[in-house]
Amino acid sequence: NLPKAYHHLSSLSAVGESAILSTCNRVEVYAEVSGYHQGFLDLKRFLSESREVSPDDLADPLYAHYEDDASEHLFSVAAGIDSMVVGEPQIHAQVRQALRDAQSEGAAGPVLSTLFREALRVGRRARRETAIGASPAAFVEAGVRLAAAHLDGLKGTSVVVIGAGEMSALAIRALREQRDLDVTEVTILNRTPERAARLAGRVGGAHGPLDRLNAAVAAADLVVSSTGSTGVVLGRDVVARAMAGRGRPMFLLDLAVPRDVDPTAGEIPGVRLADIDDLREVLAEREGKLRAEVERVREIVAEETRRFGRRQREARLAPLIKALHERGEDVRARELRRLASRLRSLSERERQAVEALAA
């Protein structure tokens, strides 16, 4: 719905340029506005009307930043320290894609294009100078640890992956990298079979359409789901049938936001379901180790924010400063011309001194 959304944004009186960043756990609108107050009201109304959400319901989750605070926020996002999983790498690509989308819709001009390009540079610098992005598949690694505990190890595990996006690719790579994991079979299912086939070609495994879900889940020990669906993909009934008369446990790892798996599926005996919220505790230990790296990234972000803000202010003030210089030079020249008759008696050296004083 980006074309429609950008058309809506372009109609707002206080909004000039705009860019939408939408990821698994954030929806952000960046905008060049004529003023903070009216800009805030216009953007809040845009968010409310786009999905028919009451403005009152936006009160708690809504945040707004302006000028340097907005730059600092986007720099932090691109650097990975404002993510649910600290350092996750996908956000950098998502910021880049958000800029491309905004530019293709004619919404991002020189102001936001410069801001987003700087954010991408800051993100690259943070990952180059710190270990913030040392574990790119942190979501999956945390889920795999939970799966290993529930399945009593991961040897001989049969895996079904629902979805063929980048998170699914990360999941398969992370599973294959587990030293104690002997995957007997990986099956990738997707609503578009061609995408499943392409992913299988990249990372290995069988592939098929989503209508094979029932049979695939029945044979699986570990099911990983990460699709872009807005509704439940794996229902409780499918899991219940798979567990009927079965003598071994099943682990369901739901990496999607919103959820792919019916939350009540985890209530079925022998089934353990973990979603994004469940991974927070598992990731707490890792994030504790990264605390020093996070602080270093914050220093980089603060330094870059000050530098960017200074350049932006200089750019805004440059025309005014130039105009003042030109005005001053015009006044000086006019006064010297007016007093020329009085200065004729001065020597060349004295005339130069007077002109220097006037400057």
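As the structure is a computational prediction, the values presented were derived from the model and not from experiment. (Residues numbered from 1 in each chain as written. Predicted model: local features only at pLDDT ≥ 70, side-chain atom pairs only at ≥ 80, totals over all residues. Heavy atoms only, no water.)

Check the secondary structure of the protein chain and you find 14 helices and 10 strands. Taken over the C-alpha trace, the protein chain has a radius of gyration of 29 Å; the compact-globule value for 359 residues is 21 Å, which it surpasses by more than 25%. Dimensions of the protein chain along its principal axes, counting C-alpha atoms only, are 115 × 40 × 35 Å. When the accessible surface of the protein chain is split by element, carbon and sulfur atoms take 50% of a total near 19,200 Å². Between the mean site of the 51 positive side-chain charges and the mean site of the 53 negative ones, the protein chain shows a separation of 6 Å. (Helix = DSSP H or I, 4+ residues; strand = E, 2+ residues; numbered from the N terminus. Rg over C-alpha atoms; globule rule 2.2 N^0.38 Å. Areas by Shrake-Rupley, 256 points an atom, 1.4 Å probe, with all protein chains shown as cover. Lys, Arg positive; Asp, Glu negative; His and termini not counted. Charge placed at Lys NZ, Arg CZ, Asp CG, Glu CD.)

Turning next to the packing of aromatic side chains. One pass over the structure, following the stated rule, counts four aromatic pairs. On the numbers, 5.4 Å between centres and 85 degrees between planes, the contact of Tyr-30 with Phe-116 is edge-to-face. Taken together, the positions of Tyr-30 in strand β2 (residues 26-33) and Phe-116 in helix α5 (residues 110-129) put the pair 86 residues apart, joining distant regions of the chain. One aromatic cluster in this structure is built from Tyr-36, Phe-40 and Tyr-66. (Phe/Tyr/Trp six-rings, centres within 6.5 Å; stacked < 30°, edge-to-face > 60°.)

Grouped together as the largest cluster of nonpolar side chains are 40 residues, with contacts concentrated most on Leu-9, Tyr-30, Val-95, Leu-115 and Phe-116. Among the elements that line this core, the one with the most residues is α5, at seven residues. Dropping the residues within four chain positions of it, Tyr-30 is found in contact with Glu-17, Ser-18, Ala-19, Leu-21, Ala-70, His-73, Leu-74, Val-77, Leu-112, Leu-115 and Phe-116. Of all hydrophobic cores here, the second largest spans 34 residues; its members include Val-161, Leu-199, Ala-274 and Val-282. (Core = buried A, V, L, I, M, F, W, Y, C linked by side-chain atoms within 4.5 Å. Buried < 20%, exposed > 50% of the residue type's maximum accessible area, 1.4 Å probe, protein only. Contact = heavy atoms within 4.5 Å.)

Scanning the entire structure with this criterion turns up 21 salt bridges. In this structure, the salt-bridge partner of Asp-221 is Arg-246, at a minimum N-O distance of 3.9 Å. Of this pair, Asp-221 sits in the loop between α9 (213-218) and β8 (222-225) while Arg-246 sits in the loop between α10 (236-243) and β9 (250-254), and the two are 25 residues apart along the sequence. A relative accessible area of 13% places Arg-246 in the buried class. In the salt-bridge network here, residues are joined through shared partners; they are Glu-118, Arg-121, Arg-125, Arg-128, Glu-129, Arg-296, Glu-299, Glu-303, Glu-304, Arg-307 and Arg-311. (Salt bridge = Lys/Arg side-chain N within 4 Å of Asp/Glu carboxyl O.)

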